[in-house]
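Close look at the chain arrangement
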Amino acid sequence: MFDRLVSLNRQDIILAAVAALFIAGIIQMIVEYIQDRRQDEMRVGFNGFDREEAIRRCVIIFPVPVIFFNGQMFRKGTNIRITTKTQKVFQGELVGTNSSNIVCIVTEEHIIGYEIENITEIVPVDDIGQE
C-alpha cells in the first residue's frame, strides 16, 4: 500500500486533491439543501405561511381574551411587552390565554406561547413601541 502511494507523482496527488474538494463541495451542498428543506417544513414563521390562518388557529387554541397579571387587566388585541424569568423580552399583540395558563402573543415574525408562571412582567405598549 505504501509503495503505491510513493509511486504517485505530483500531478496525480493534485488531481486527487481537486477531485476530493469537488466531491466534498457537492456533498456539502446536498446536506445544506436537505437541512434547509427540513427547516422550511418546521418553521412556524410567516414566510410562505398564511399569517391570518395561523392567528385564527391561535384564537381557537387560546380562547380566553382577557389576562389578569399583577392586578392589571390585558385584553385581546392589546400591544404588550413580556419579560420572562430568563430575561427574554417579547413584544407583540396579545391573542389570549387558555386553561393551561399559557399566554399567546403575535410578534412581527413569530407566534409565541409562554407560561404565565415564567413571566415576571407584562406592560402595555402603544403602537409606536413606547410604554
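Structure shown above.
Summarised in this report is the structure supplied together with it. (Residues numbered from 1 in each chain as written. Predicted model: local features only at pLDDT ≥ 70, side-chain atom pairs only at ≥ 80, totals over all residues. Heavy atoms only, no water.)

This paragraph deals with the pattern of salt bridges. Here the structure, examined in full by the defined rule, presents two salt bridges. The residue E53 makes a salt bridge to R56 at a minimum N-O spacing of 2.5 Å. Here E53 pairs with R56, and both are found in helix α3 (residues 51-61), just three residues apart, close to one helical turn. The exposure class of E53 is partly exposed, given its relative accessible area of 28%. For the salt bridge of E53 with R57, the shortest nitrogen-to-oxygen distance reads 3.3 Å. Of the two residues, E53 and R57 are both situated in helix α3; the distance of four residues between them amounts to about one turn of the helix. Overlapping salt bridges bring together E53, R56 and R57 as one network. (Salt bridge = Lys/Arg side-chain N within 4 Å of Asp/Glu carboxyl O. Helix = DSSP H or I, 4+ residues; strand = E, 2+ residues; numbered from the N terminus. Buried < 20%, exposed > 50% of the residue type's maximum accessible area, 1.4 Å probe, protein only.)

The analysis is restricted to geometry; functional conclusions fall outside its scope.
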